[in-house]
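Geometric and topological summary
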Amino acid sequence: MRALIFDGRLQVRDDHPMPEPPPGEVRVRVRRAGICRTDVEITRGYMDHRGVLGHEFVGELADGSRVVGEINAYDATCETCRRGDVTQCENRTVLGIFRRDGAMAEYVTLPARGTLVLKSTFHGVHPLALAPLVVDEVTLVGSRCGPFPPAMRLLEQHLIEVDALLDAEYPLAHGIEAFARASAPGALKVQLVMEGGSV
Ligand SMILES: [Zn+2]
């Protein structure tokens, strides 16, 4: 499958292995992925991440459900998790940032418990379909990468002008140009659109 990876240099590959979801995980067909400042920093060495980049996305499951996902994945079975401290999971991974391939690809796998199925009001409504990708910006009023539900509520009630936060969109094949645009001073959100992912 096609994927934007960083292995010391940023490159679009067409031969990245299709991810096979292990038990408890689901495979998501990615429709759009946003480029975050964190992604740009990773290409400069942050977190020493190697593999597919990307932690802001909207996609769909095999049944057509539209989903977004949390970036932190925990195993729920280690001693630390069983104590209830999942943020310190011994086997923790972070989507596109730490030991887990990210969403700038045609497909990504995530724990099923970490995905959020979008409500019907989000279906097929163009401006709102872009909404999950700017959740980081929306939650800047509180804490960055904050919880989804309050952000979703703001978007659902049209209290956030999403289009005004978008700068440009590029097909995944042009991911290198997209990163250059996202790195430019004053750039707003730049998105990668997967094939067939224009909605
Ligand atoms: Zn754990």
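Residues numbered from 1 in each chain as written. Predicted model: local features only at pLDDT ≥ 70, side-chain atom pairs only at ≥ 80, totals over all residues.

1. Some words on the overall build of the chain
Assigned secondary structure in the chain consists of six helices and twelve strands. For the chain, the residues scored as buried account for 36% of the 199 residues in total. Counting contacts in the chain only where the partners sit at least 6 residues apart, residues at least 24 apart contribute 65% of the total. (Helix = DSSP H or I, 4+ residues; strand = E, 2+ residues; numbered from the N terminus. Buried ≥ 20, exposed ≤ 12 C-beta atoms within 10 Å, placed from the backbone. Contact = placed C-beta atoms within 7 Å.)

2. Here we look at helix α6 (residues 175–183)
Quick reminder: α-helices carry 3.6 residues per turn. Residues three or four places apart thus point the same way. Within the span of α6, buried status applies to G175, A178, F179 and A182. When α6 is viewed along its axis, its buried side chains cluster within an angular range of 100° and face the same direction. Where the residues of α6 are buried, they touch β1 (3–6), β2 (10–13), β3 (25–35), α1 (37–42), β11 (166–171) and β12 (189–193). (Arc of directions from axis to C-beta.)

3. Quick look at the nonpolar core
Formed by 34 residues in total, the largest nonpolar core has its most connected members in L4, V30, A103, M104 and A105. Going through the elements one at a time, β1, β3, β5 (56–60), β6 (66–69), β9 (107–111), α6 and β12 are the ones with two or more residues in this core. Once residues lying within four places of it in the same chain are set aside, the contact partners of A105 are M1, R2, A3, L4, H16, V30 and V52. Judged by nonpolar contacts, the second largest core, of five residues, contains A151, M152, I160 and V162. (Core = buried A, V, L, I, M, F, W, Y, C linked by C-beta atoms within 7 Å.)

4. Looking at the sheet that holds strand β4 (residues 51–52)
Sheet architecture is open: three strands sit in the order β2-β1-β4, paired in antiparallel fashion. Each edge of the open sheet carries a strand with a single partner, namely β2 and β4. By the bridge criterion, four bridges tie β1 to β2 in an arrangement that is antiparallel. Bridged to I5 within β2 is Q11. (Pairing = 2+ DSSP bridges.)

5. Describing the confidence of the model for the chain
Mean pLDDT for the chain: 82, with 81% of residues reaching 70 or above. Averaged pLDDT values for the elements of the chain fall to 38 in helix α4 (residues 135–138) and rise to 98 in β4. Here residues 120–144 is a poorly scored stretch, pLDDT under 50, and it has 41 contacts once near neighbours within four places are set aside; other chains count. (pLDDT = per-residue confidence, 0-100.)

6. Focus: unusual backbone geometry
Positioned with a positive phi, A76 is a non-glycine residue whose angle comes to about 65°. Position of A76 relative to the elements: it lies in the loop between β7 (72–73) and α2 (79–82). Overall, A76 belongs to the partly exposed group, with 13 C-beta atoms counted inside 10 Å.

7. A look at the pairing of β11
Bridge count for β11 against β12 is five bridges, and the pairing is parallel. By the bridge assignment for β12, E169 is matched with Q191. Of the crossover connections in this fold, the one passing from β11 over α6 to the parallel β12 is right-handed. (Right-handed = clockwise from strand over helix to strand, strands pointing away.)

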